[in-house]
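A structural walkthrough
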Amino acid sequence: MAKDIKRKINTHKKNIFSRIRAFFCGDKFRITVGIIFLMFSFYLLISFLSFLFSGEADHSKLDISWGKLIGDSNIRVENKAGKTGAFLSEYIINRGFGIGSFLFIYIIVVTAFQLLKRPFVKYFKTICLSFIMIFWFSLFFGLLRSAFDLNGYLYLGGENGLYMSSWLSSMFGVIGVSLLLLLCLFMIIFFGTEKFILLLKNIFSRNNRKQEEMYTIKNEKHPVEEDPQISKKITENDQIETVFNPDDNNKEDSDDPLEIIPAVSSDSMEKEISGKGKSSDDLKMTVEKKKEENVSGKSSGDVVEDYDPTLDLSNYKYPTIDLLDEREVKIADVSNEELISNKNKIVETLRQYKIEITKIRATIGPTITLYEIVPAPGIRIAKIKNLEDDIALSLAALGIRIIAPIPGRGTIGIEVPNRKPELVSMRSIINSKKFRESTAELPVVLGKTISNETFIFDLTKMPHILVAGATGQGKSVGLNAIITSLLYKKHPSQLKFVMIDPKKVELSLYSKLEKYFLAKMEDDEPIITDIQKVKATLSSLNREMDARYDLLKLAQTRNIKEYNSKFIHRRLNPEKGHRYLPYIVVIIDEFADLIMTAGKEIELPIARIAQLARAVGIHMIIATQRPSADIITGIIKANFPARIAFKVASMVDSRTILDTSGANQLIGKGDMLVSIGSTMTRLQCAFVDTPEVERICDFVSQQQGYPSALILPDPEESVENVSATNLSNRDELFDEVARIVVVNQMGSTSMIQRKFSIGYNRAGRIMDQLEAMGIVGPAEGSKARQVLVQDEYSLEKMLKDIN
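Residues numbered from 1 in each chain as written. Predicted model: local features only at pLDDT ≥ 70, side-chain atom pairs only at ≥ 80, totals over all residues. Heavy atoms only, no water.

**Description of the overall build of the protein chain**
So the rule is basically this: Think of it this way: any DSSP run of H or I at least four residues long counts as a helix, any run of E at least two long counts as a strand, and we number them from the N terminus. Burial status follows relative accessibility: with a 1.4 Å probe on protein chains alone, a residue under 20% of its type maximum counts as buried, one over 50% as exposed, and anything between as partly exposed. In what follows, residue pairs with any heavy atoms lying within 4.5 Å of each other are defined as contacts. Calculation of accessible area relied on Shrake-Rupley with a 1.4 Å probe; when residues are assessed, cover is drawn exclusively from the protein chains displayed.
The number of helices and strands found in the protein chain is 26 helices and 19 strands. The 803 residues of the protein chain split such that 42% are buried. Considering only intrachain contacts with a sequence separation of at least 6, the fraction spanning at least 24 residues in the protein chain is 66%. If you sum the accessible surface of the protein chain, you get close to 45,000 Å²; carbon and sulfur atoms cover 56% of it.

What follows is the structure, given as C-alpha cells:
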C-alpha cells in the first residue's frame, strides 16, 4: 500500500514537472515573451529619443537612488517615458555606452522576431556584431570627448567609453587608439559583410589585369633576346608558352629587369623546383598543372559568382510550420500496471511451454510497446516464434508481432499494441531538429519509430519506393506525408513532381502547384488521370531520362549531383545545351488499376525508369492497395528495393510486398513497416489532414510562379509493323473474322484463336489489320478491344471499298 502511494506521488510530481516544462517550451509562452520584447523595445526607443532632448533638464534629478526617485512624488521629469524611462536612459546612455546604446533596442527587436519565428536576419551573427559595434561606438565617442575636451550633459560614448579611451590613450596615445579603431572597423566590415570581400576581390583582380597589360606593352618596347635559360613549350592549344627559371634570374650579371618577371599564361600554373648545389646531379624540374577548361568562355582572372537556380523565383517563401495543425502531443499512456501485467502474462505463457527467459525489458512507442526478451541457453528461437497466437490470446491484444531475433541486439522482440495509441502529428516531425538540420538531397520524413525517434531518409538513396496497404489503412496519408516533407525542404527550381492518379481524387489537391512543382506534357492536365496519357507521360519520361544521360556524358559526370555542381560553378556552357537539372519525383497512385488496364505498356517503361533513372535524378513512388503477385510482378519488385507496407489482409500479400510476413499483423491507422535493404523498421506514420494539404498548396500558389509547369519532351511515336498492317496483303480469314467481331461486338485475339482454330501469331496479325482498318480500337491490356463498327451494313460497305 505504501509503495503504491509513493509511486502515485512520484507520478504526480513527474506530471507537474512535465506540464511546467511543456508550458515554458510551448508556443504560447514563446509568443507572449516575443510580444513583451517588442513592446519593451518601443518603450525604450521613446525613452532614448526623449532623453536626447530633455536629458539636460533631468540630469540633476537622477543622482539619487532608484528607490528615492520613485518614492518622491514631488520629483518631476521631462522624459516622455516617465521616471523609469529617464532612469533607464541615464544609466544606459550616459553612464553606460553612449549613443551606441540604441543598438540595444535593435538587439531586443531581433530577439523578439526570433521568438515569434519570423527572423529577418541571421540571429547569432547579428547579435555578435551589434555588441561589438556598441563597444566600438562607445570607445570612438569617448576618444572624441577626451581628445577635444568636449563638455556637456550628454556623454556620447558613455562613462564606460570615456574610461576605456582614457586608459588606452595613456597606453598608446591618441594616434595609436585611432589606428586601433580604424583596424577594428575594417575587421568588422570585412568579417561582417560578404559583399565587401567580393568587392575587394574585384578591385585586386582589376589591378592585376592592369599590371599584366602594362607588362605586355613594356615587353613589346623592349624585346628580350632568346636565352638558353628560357625554355619554350607548346601547349595543347598550339600556343607557345614562355617559362622563366627564377633561380637563374638572381645572378649578379643580369641587367635586364624583365628577366625577374615570370610569364605565366592564363590557362596554366607553373612551379619551379630546383636542387641546391652545382653537382652533376643538380636537376631543375618544371611542374605544370593545367587548369580545367573554362567552358563558360570567361577568363580565369574574372570573379564569377556561382549560378543560383533559385533566383528564378528569388522571392519564393517556403511553407511555414503554422500551416500545419498543432495537435496536442499525448505521450502513449502505458501505465506501470499495464507493463507489469503484460510482462507477467508473457513470462507465464512461455513457461507453460517450458521456455525460460533470463531478461525482459520494455520500450514504449507511439502505437506499440516492444518487449525484448533474452531466452535461457538452449532454447530454440523457432519455438518462441510459433507461440505468436498463444501470446496474443493471453494478452487479449489486437495482434502481436514477434521479431526473432532483433538484428544487432541478440534479443527476441514481442511487439504489443498500446491500448491508447499516440497520434503523431505532421507538425511535430517537420519541426523536429533532425528534419530541420537534414542535409539530404531529397529528405523524406515519415513518422516515429518505436523509440519515439523521427524517421527520416534520403529519397535519392532509396532510389524508388513501393507503397502498399489495404483500403483505409493510411496509404494516402503516407503519400501526403512524403510530398509535404519535400515541399517544406525544396525550392520549385530544384524539384518537380509528375503525379499520376487514375482514381482522379487522391492527388487532385496538388493541381494548384502546377506552375511551381509539377512537370507534365504540353497541353496535359496537371494531374494525369487518363490511361492513354499515362502511357505517353511514361514514354516522355524515358526520353527525358535519355536526354539527361546525354548531358551527363557530354559533361563527363556520373550522376546528377556532380552535373549540377559543375553547372552551378559555371563550368558547363548553356550554349552547348547544358541546363540545371531539377529532381523529378514520379508518384503513381492506384498502380493496380493501371496494370489491369494497360499491362505491359505500363510495366515496361516503369521498369526501365526504375533501372536507369536514379543517376539522372528521376525517382518513382508507386502505391497500390492490391499487393498481389499479378500486380507487383518480379520486374517491379527487383527494381524497387525500398518498400513501405501498411496493414494488408493476408500473409500472402505481406510476403508479396515485403518478402516476409508482418504487414498482416499491423494494427492499421498509420501503423506501417518500412523495408530498406535488409533492415525492417516499424513506424507510426505522421498524420497530415486534407485541410493542412490545402493550406500548404494555397500558400505556395499565392506566390509568384513560373509561366507554366515544366514541359516534358514529346513521347516517342510507336512505329507500326508495316508488313502486319498492310491492308493489301490481308489474311484470307480477314473478312470472316471482321463479320464475327462486329456481330458479337467484342474483339480479342483469344476469341479469334478459339473460333477459327488458328495460332496466336496469325490471330494477332489479323487483329492488327482490323485495328488498321478502323474496325476495332487499340489494345487496352487484358480487356477486349472496343469495336468501332456498329452494324454489318457499315462493315460490308468498308469491305467493298477496300476490295
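Next comes the rest of the write-up.
**A closer look at helix α11 (residues 388–395)**
Structural remark: α-helix, 3.6 residues per turn; residues separated by three or four positions point the same way. Note the cut-off: This arc is taken over the directions from the axis of the helix to the C-beta atoms.
Those residues of α11 not exposed but buried are Glu388, Ile391, Ala392 and Leu395. The buried side chains of α11 occupy one side of the element, clustering within an arc of 100 degrees when seen end-on. Away from the buried face of α11 by more than 90 degrees, exposed residues Asp389 and Leu393 are located. The inward-facing, buried residues of α11 abut α9 (336–352), α10 (381–385), β7 (401–406) and β8 (411–417). Among the residues trailing α11, Ala396 stands out with phi positive, at a value near 55 degrees.

**Considering the nonpolar core**
The test is simple: In this description, a nonpolar core means a group of buried Ala, Val, Leu, Ile, Met, Phe, Trp, Tyr and Cys residues linked to one another through side-chain atoms lying within 4.5 Å.
Ranked by internal contacts, the top residues of the largest apolar core, which has 106 residues, are Leu446, Phe497, Tyr510 and Ile606. In terms of residues, this core owes the most to one element, helix α15 (residues 531–555), which gives eight residues. In this view, Tyr510 contacts Asn480, Ile483, Leu487, Met499, Leu518, Ile527, Val693 and Cys697; residues no more than four positions away in its chain are not counted.

**Thoughts on the packing of α15 against helix α16 (residues 560–568)**
Two measures define how a pair of helices packs: the angle their axes make with one another and the distance between the axes. For the record, the criterion: Axes here mean lines fitted to C-alpha atoms, for a helix over just the part in contact, with angles spanning 0 to 180 degrees between N-to-C directions. Should an angle fall under 35 degrees it is taken as roughly parallel, and over 145 as roughly antiparallel, whereas 65 to 115 is taken as roughly perpendicular and any remaining angle as oblique. If you view the pair so one helix is near and one far, a crossing is left-handed when the near helix is turned anticlockwise from the far one by less than a right angle, and right-handed when it is turned clockwise. The nonpolar class holds Ala, Val, Leu, Ile, Met, Phe, Trp, Tyr, Cys and Pro. Asp, Glu, Lys and Arg form the charged class, and all remaining residues, Gly among them, are polar.
Where α15 meets α16, the closest approach of the two axes is 10 Å, and the angle between their N-to-C directions is 60 degrees. With respect to each other, α15 and α16 are oriented oblique. Where α15 crosses over α16, the handedness of that crossing is left-handed. Across the interface between the two elements, Arg548, Leu551, Leu552 and Ala555 from α15 touch Ile560, Tyr563 and Lys566 from α16. Here the contact of α15 with α16 is composed, by residue class, of five nonpolar, no polar and two charged.

**As for the packing of aromatic side chains**
Condition: Aromatic pairing here means that ring centres of Phe, Tyr or Trp (its six-membered ring) are within 6.5 Å. Orientation follows from the plane angle: under 30 degrees is stacked, over 60 is edge-to-face, and everything else is tilted.
A complete count under the given rule lists 13 aromatic pairs for this structure. Ring geometry for Phe104 versus Phe131: centroids 6.2 Å apart, planes at 70 degrees, classification edge-to-face. Of this pair, Phe104 sits in helix α5 (residues 102–115) while Phe131 sits in helix α6 (residues 123–148); the two residues are 27 residues apart in sequence, bridging distant segments of the chain. Centre to centre, the rings of Trp136 and Phe140 are 5.2 Å apart; their planes meet at 5 degrees, and the pair counts as stacked.

**Considering the sheet that holds strand β12 (residues 495–500)**
The strands making up a sheet are joined through hydrogen bonds of the backbone, oriented either antiparallel or parallel. Rules: Two strands pair if DSSP finds at least two bridges between them.
Spatial ordering of the open sheet is given by β10-β9-β18-β17-β16-β11-β15-β14-β12, a layout of nine strands whose pairing is mixed. Two strands bound the open sheet, and with one partner strand each, they are β10 (454–458) and β12. When strand polarity is set aside, the average angle formed by the axes of neighbouring strands in this sheet is 25 degrees. Relative to strand β14 (residues 583–588), β12 is paired through six bridges, and the arrangement is parallel.

**What about a negative patch on the surface?**
Keep this limit in mind: Here the term patch refers to residues with relative accessible area over 30% and no salt bridge, with like charges joined within 9 Å and nonpolar side chains (Val, Leu, Ile, Met, Phe, Trp, Tyr) within 5 Å. For salt bridges, the criterion is a side-chain nitrogen of Lys or Arg within 4 Å of an Asp or Glu carboxyl oxygen. Counting rule for charge: Lys and Arg are taken as positive, Asp and Glu as negative, and neither His nor the chain ends is counted. For the purpose of locating charges, the reference atoms are NZ of Lys, CZ of Arg, CG of Asp and CD of Glu.
On the surface, a cluster of negative charge is made up of Glu305, Asp306, Asp308 and Asp312. By the secondary structure assignment, Asp306 is in the loop between β4 (284–290) and α9. Overall, the relative accessible area of 43% leaves Asp306 in the partly exposed class.

**Describing a nonpolar patch on the surface**
A contiguous nonpolar patch, built from Ile16, Phe17, Ile20, Phe23 and Phe24 and spanning about 530 Å² of accessible area, is present on the exposed surface. Structurally, Phe17 is set in helix α1 (residues 2–25).

**Topic: the packing of helix α23 (residues 734–744) against helix α26 (residues 792–802)**
Here α23 crosses α26 at 160 degrees, and the two axes come no closer than 10 Å. Between α23 and α26, the angle falls in the class roughly antiparallel. Crossing hand, α23 versus α26: right-handed. Facing α23, whose interface residues are Phe734, Asp735, Ala738, Arg739, Val742 and Val743, α26 presents Glu792, Leu795, Glu796, Leu799 and Ile802.

**So, unusual backbone geometry**
Pro463 follows Met462 through a cis peptide bond whose omega is -5 degrees. Positive phi, close to 60 degrees, is recorded for Gln556, a residue that is not glycine. Inspection of the secondary structure assignment puts Gln556 in the loop between α15 and α16. Judged by its relative accessible area of 70%, Gln556 is exposed. Backbone geometry places Gln745, a non-glycine residue, at a positive phi of 50 degrees. Among the structural elements, Gln745 can be located in the loop between α23 and α24 (749–756).

**Remarks on the pairing of β7**
The pairing of β7 with β8 spans four bridges and is classified as antiparallel. Bridge pairing in β8 links Ile406 to Thr411. Taking the residues between adjacent antiparallel strands as the criterion, β7 and β8 are bridged by four residues, where Gly408 takes a positive phi near 80 degrees.

**Observations regarding the pattern of salt bridges**
Tallied over the entire structure, the rule returns 29 salt bridges. Here Glu90 and Arg95 are joined by a salt bridge, their closest N and O atoms 3.2 Å apart. Judged by its relative accessible area of 1%, Glu90 falls in the buried class. With a closest N to O distance of 2.5 Å, Lys512 and Asp698 form a salt bridge.

**Some thoughts on the pairing of β14**
Remember that side chains alternate between the two faces of the sheet whenever the strand is regular. For β14, a buried count of six out of six residues is recorded, marking the element as mostly surrounded by other parts of the structure. The alternating pattern of β14 places Tyr583, Val585 and Ile587 and Ile584, Val586 and Ile588 on opposite faces, both of which are buried. Where β14 and strand β15 (residues 618–624) come together, five bridges link them in parallel fashion. For Ile584, the partnering residue across the bridge sits in β15 and is Ile618.

**Observations concerning the sheet that holds strand β5 (residues 357–364)**
On the basis of which strands lie adjacent, the open sheet formed by four strands has the order β5-β6-β8-β7 and antiparallel pairing. The sheet is open, and its two borders are formed by β5 and β7, each paired with just one other strand. Here the average twist between neighbouring strands, direction ignored, is 20 degrees. Strands β5, β6 (368–375) and β8 of the sheet are contacted by α9, whose axis makes an angle of about 40 degrees with β6.

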